Amino acid sequence: MKKLINNYSAIFLLLAGILVGSLIGIFAPQAVIYLKPLGDIFLNLLFVSVVPLVFFAVANSIASLEQQSKFGRIVISMIATFLLFIIISAVFTIIAVYLFPTEALPSTGGEIPESGNSTSWNDRLVSFFTVGEFTELFSRKNMLALLIFAFLTGTAVRKAGEAGLVFKNFLASGFEVMKELLLMVMKGAPVGLGAYFAYQVATMGPELFGFYAKPLGLYYVAGAVYFVVFFSLYAWIARSNSGVKSFWRNNIYPTLTALSTCSSFATMPANLQAAAKIGVPAAIANIVIPIGSTLHKQGSSMSSIIKIYVAFLIIGKDFFDPINLLLALGITVFVSIVAGGIPNGGYIGEMLMISVYNLPVEAIPAVMILGTLVDPLATVLNSTGDTVAAMFVTRISGEKFVVPEE
């Protein structure tokens, strides 16, 4: 029980902060003017720590890749599987929020100014991917351009070979330092987000609770349906009826581990054990599951769509515009794959969302709170999805299961 409390302490503290902030917003709304600066300080610290972390994390991960072209067919099958599952989970969530919409808060539509639309889409495309000055890369408004530059930097380090070794070590050291900095900043989340929530409750009223409850409930219902139906479908495609039975019989322990630890990395040993019992070849399981714990996040894919949807409700814009949906899918793939291995990587995805959609800062606390509250189920989907992905890769790569079908 003590270990369980420790693993969920961040969520418990955040809930406590939200509760205290809500009570202040309801019973002492005149005090929120003094609390809001605490929320602003927290968000500003988050911005300035996330941006360099993105650069170091992506550049370091690319620079640290070994020459692993020998994996061949297995690696190609793994990448295709990860992308397929992430996109399917995102599209499923889009359908869910379309069929079960949430009412926008009536007071928010006119409070937040419209983003400027004077630039053409050609100019916006250019600004998505590049900036005119090096210093502009490290602005939260240009996250996508920073990601591309980080990817190119990591690739250049690999091509430089021994001459780039010192710079490679610098990237690795920078990643560790910025990771610790972000973890330090996140310790202030209960106070910062609690203060922001107090401000929201005081300005928007108690109906804010109902506004959060519906997308939160929708995530848990849609996530549970996806967990049972789609994971069963993937297991069936991999190995027909025996695959479904074997997967669910051996997935109980990994699921409980994910719930109790709230960590995909902590669930990895249980997933490897389950994959061995299911009959996934070790050559596949030992590649797909460790890499998947970082790069394959179906639960994060679903929560990303929910958070983007909520942000659009807050600013009173149409989430279901085709361009917005395509951008949402792109952001989701990034959050689920690239940001997966970064601590609090979901927050980095939120920064990218704010940048790409040119959204106001007011949308960030809402999506951060939702992201934290959906974390238990998201972890289950993220971690146990690696086992069924390993089964799927076994099938499409042409490899054989190593135990007889039952």
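These numbers were taken from a predicted model, which means no experiment stands behind them. (Residues numbered from 1 in each chain as written. Predicted model: local features only at pLDDT ≥ 70, side-chain atom pairs only at ≥ 80, totals over all residues. Heavy atoms only, no water.)

Caption draft 1: Representation of the overall build of the protein within the structure. If you tally the helices and strands in the protein, you get 17 helices and zero strands. The burial tally for the protein puts 51% of its 406 residues in the buried class. Excluding contacts between residues fewer than 6 apart, the proportion of contacts in the protein whose partners are at least 24 apart in sequence is 83%. With an accessible surface of roughly 18,400 Å², the protein has 68% of that area assigned to carbon and sulfur atoms. (Helix = DSSP H or I, 4+ residues; strand = E, 2+ residues; numbered from the N terminus. Buried < 20%, exposed > 50% of the residue type's maximum accessible area, 1.4 Å probe, protein only. Contact = heavy atoms within 4.5 Å. Areas by Shrake-Rupley, 256 points an atom, 1.4 Å probe, with all protein chains shown as cover.)

Caption draft 2: Layout of helix α13 (residues 298-315). The first and last C-alpha atoms of α13 sit 26 Å apart over 18 residues, in line with the 26 Å expected at 1.5 Å per residue. Positive phi shows up at G316, right after α13, with a value of about 75°. (Expected span 1.5 Å × (residues − 1).)

Caption draft 3: Looking closely at the packing of aromatic side chains. For the structure on display, the rule yields 27 aromatic pairs. Judged by centre distance (5.0 Å) and plane angle (70°), the ring pair of F247 and W248 falls under edge-to-face. On the accessibility criterion, W248 (23% relative accessible area) is partly exposed. Taking the centre distance of 6.0 Å and the plane angle of 70° together, the rings of F312 and F319 count as edge-to-face. When the ring centre of Y199 is taken as reference, the NZ or CZ atom of K36 above it lies at 5.1 Å. (Phe/Tyr/Trp six-rings, centres within 6.5 Å; stacked < 30°, edge-to-face > 60°. Lys NZ or Arg CZ within 6 Å of the ring centre and 35° of its normal.)

Caption draft 4: Expanded view of a nonpolar patch on the surface. Among the surface-exposed residues, I79, L83, I87, V91, I95, Y98, L99 and F100 lie close enough to one another that they form a single nonpolar patch of about 750 Å² accessible area. Tracing the backbone through its elements, the reader meets L83 in helix α4 (residues 73-99). Residue classification places L83 among the partly exposed residues on the basis of a relative accessible area of 33%. (Patch = residues over 30% accessible without salt bridge, like charges linked within 9 Å, V, L, I, M, F, W, Y side chains within 5 Å. Salt bridge = Lys/Arg side-chain N within 4 Å of Asp/Glu carboxyl O.)

Caption draft 5: Summary view of the environment of P290. Mapped onto the elements of the fold, P290 is located in helix α12 (residues 282-295). Spatially, the C-alpha atoms of P290 and P269 are 9.1 Å apart, while their sequence positions differ by 21 residues.

Caption draft 6: Spatial organisation of the environment of L23. Mapped onto the fold, L23 is located in helix α2 (residues 9-27). Along the primary structure L23 and V201 are separated by 178 residues, whereas in three dimensions their C-alpha atoms are 8.7 Å apart.

Caption draft 7: Structural view of unusual backbone geometry. Positioned with a positive phi, S240 is a non-glycine residue whose angle comes to about 55°. Locating S240 in the fold gives a position in helix α9 (residues 207-250).

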